[in-house]
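# Residue-level structural notes
One-letter residues, chain by chain:
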Amino acid sequence: MAEIAVLGHGVVGSGVLEVLLSHRDSITRRAKEEIDVKYILDLREFPELSYAGLFTKDFECIRSDPDVKIVVECMGGLEPAYTYAKACLTSGKSFVTSNKELVAAKGAELLALAQKNNLNFLFEASVGGGIPIIRPISQCLAANEVSEIAGILNGTTNFILTKMIREHMAFADALSLAQQLGYAERDPSADVEGADACRKICILASLAFGSHVYPEQVHTEGITKITLEDVAYADAWGGVIKLIGEVKMGENGKISIQVAPMFISRESPLCNVDDVFNGIMVRGDATGDVMFYGKGAGKLPTASAVVADVIDCVKHFKARKYLFWEDAKPDYVEPIGAVPGDCFVRVRGEGSSDEAFAAAETVFPGAVRIIRREEEPGEAGFSVTEVTADKLDEGFARLSSMGVRVLGRIIISDY
Ligand code: HSE
């Protein structure tokens with residue numbers, strides 16, 4: 001019998017118990033031994049539960065119990081999860097987590113600690129909820145040189161954008177609906193400002209390219225400034241706006257990585273990833289583009305990934321999974337302002353729309369005009385190709401001196 005402890009009995013932790021109890025026979029068959037929860041750590045009490053006797057408030061009783069070989073962490077947040085992870089990995093216990101804050105901030109260190117002590121540190125549920133993505137990148141696609149990963153990694157923002165695109169709902173109304181439906185937290189800032197997606201793309205980048213990328217190194221832009229006018233321009237251009245986390249490996253061995261709203265063409269497989277769903281595209285040299293799609297959050301999808309990691313740990317008690325990346329390399333992340341790409345720009349001048357666009361053309365030769373329905377007087381939208389963010393800023397300053405104000409810019413993706 002394999003005895004485990006579960007830290008946290010919130011949405012994911014209670015889901016882990018539900019999956020373990022409801023799938024006991026098939027899990028035992030797959031793990032080749034029974035998995036038994038010996039402790040659940042939570043500050044709250046749940047006297048109504050059939051397994052109420054398993055609860056403890058004392059982490060030390062878990063850490064010091066030699067029978068507990070795997071600890072599952074579903075608390076979220078950096079602390080005390082980080083302290084508990086280190087304590088477990090130095091006390092002979094493998095550690096399974098759904099905690100993206102923990103993996104994004106401390107993944108390299110905890111993987112090294114696990115390796116040193118011949119234990120496993122697994123985190124399939126930290127990205128994409130129930131979508132298998134960590135194992136596919138580290139194992140199934142291991143024969144490829146991965147050059148790019150691009151994903152819709154946050155369900156809350158994808159729901160909001162879908163409502164803006166399909167039902168022309170304003171951002172604030174779509175956010176409030178997401179909150180009513182339980183798809184957004186009361187404090188949705190980590191979602192709408194892009195921090196959640198940033199942690200996830202950092203984990204995928206670290207895994208795919210073998211060197212830790214920290215969220216602080218990544219240009220992150222959320223969806224709070226996206227308007228229905230932008231949505232209409234994306235439609236006129238031939239696509240939709242999605243919040244994308246992307247990482248690309250350059251020929252110089254450095255990566256460019258960012259989270260930002262982007263125009264996505266209707267031809268792209270990411271275009272039809274709607275509502276709370278996530279979609280992740282991995283570009284490999286042998287496979288071409290591979291897409292992963294499914295529910296990126298929620299109790300049972302996330303718990304299913306956690307329990308799969310537990311099964312894997314049980315099957316590899318004395319062997320390590322070859323999941324590993326090194327700590328960050330210096331100058332490994334390219335400053336995003338220096339990386340050229342295509343961009344949509346929306347401006348407004350004091351004269352007509354044609355005049356505003358004529359000014360834009362003098363600053364950005366080759367700019368292509370995009371006209372939306374109900375374009376307002378003086379407003380013009382256009383795309384520019386292969387331009388760096390630094391060059392854009394220079395151009396915007398010139399436009400401003402010509403009396404043309406930049407209302408917004410959105411990256412045009414090539415997925
Ligand atoms: N709020 C997050 C999302 C939860 O919507 O994707 C999972 O990280």
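The structure presented is a predicted model; accordingly, all values stated were derived computationally and were not measured.

With that settled, the discussion passes to the overall build of the protein. Counting its secondary structure elements, the protein contains 14 helices and 16 strands. Computed over C-alpha atoms, the radius of gyration of the protein comes to 24 Å, within 12% of the 22 Å expected from 2.2 N^0.38 for 415 residues, which places it in the range of a compact globule. Taken over the C-alpha atoms alone, the protein extends approximately 75 × 45 × 35 Å along its principal axes. Counting contacts in the protein only where the partners sit at least 6 residues apart, residues at least 24 apart contribute 72% of the total. Across the protein, 42 positive and 59 negative side-chain charges occur, with their mean positions spaced 5 Å apart.

In the vicinity of the ligand, the contacting residues are Lys100, Asn154, Gly155, Thr156, Asp191, Asp196, Lys200 and Ala297. Taking Gly155, its main chain carries an N or O atom lying 2.9 Å from an oxygen atom of the ligand. A distance of 2.9 Å separates a nitrogen atom of the ligand from a polar side-chain atom of Asp191. Coverage of the ligand by the protein chains reaches 82% of its 250 Å² of free accessible surface.

Next up on the list: the packing of aromatic side chains. Applying the stated criterion across every chain yields a total of 14 aromatic pairs. Ring centres of Phe59 and Tyr84 lie 4.0 Å apart, and the angle between their planes is 15 degrees; this geometry places the pair in the stacked category. Of this pair, Phe59 sits in helix 3 (residues 59–63) while Tyr84 sits in helix 4 (residues 81–89), placing them 25 residues apart in sequence. For Phe59, a relative accessible area of 10% puts it in the buried group. Among the residues examined, Tyr84 registers a relative accessible area of 18% and is labelled buried. Three or more aromatic residues joined by ring pairs form one cluster here, namely Phe95, Phe121, Phe123 and Trp325.

Moving on, we come to helix 10 (residues 195–209). The terminal C-alpha atoms of helix 10 lie 21 Å apart, and with 15 residues this matches the ideal 21 Å at 1.5 Å per residue to within 8%. Counting buried positions along helix 10 yields 12 of 15 residues, so the element is predominantly enclosed. Positive phi shows up at Gly210, right after helix 10, with a value of about 80 degrees.

The buried fraction of strand 9 (residues 239–249) is high, at nine of 11 residues. Where strand 7 (residues 146–152) lies against strand 9, four bridges are found, and the strand directions are antiparallel. Bridge pairing in strand 9 links Gly151 to Gly245. Here strand 9 runs beside strand 10 (residues 255–265); their pairing, made up of 11 bridges, is antiparallel. Bridging across to strand 10, Glu246 finds its partner in Gln258.

What counts, and where the lines are drawn
- Residues numbered from 1 in each chain as written.
- Predicted model: local features only at pLDDT ≥ 70, side-chain atom pairs only at ≥ 80, totals over all residues.
- Heavy atoms only, no water.
- Helix = DSSP H or I, 4+ residues; strand = E, 2+ residues; numbered from the N terminus.
- Rg over C-alpha atoms; globule rule 2.2 N^0.38 Å.
- Contact = heavy atoms within 4.5 Å.
- Lys, Arg positive; Asp, Glu negative; His and termini not counted.
- Charge placed at Lys NZ, Arg CZ, Asp CG, Glu CD.
- Near = heavy atom within 4 Å.
- Polar contact = N/O pair within 3.5 Å; in protein donor to acceptor, adjacent residues only side chain to side chain.
- Areas by Shrake-Rupley, 256 points an atom, 1.4 Å probe, with all protein chains shown as cover.
- Phe/Tyr/Trp six-rings, centres within 6.5 Å; stacked < 30°, edge-to-face > 60°.
- Buried < 20%, exposed > 50% of the residue type's maximum accessible area, 1.4 Å probe, protein only.
- Expected span 1.5 Å × (residues − 1).
- Pairing = 2+ DSSP bridges.

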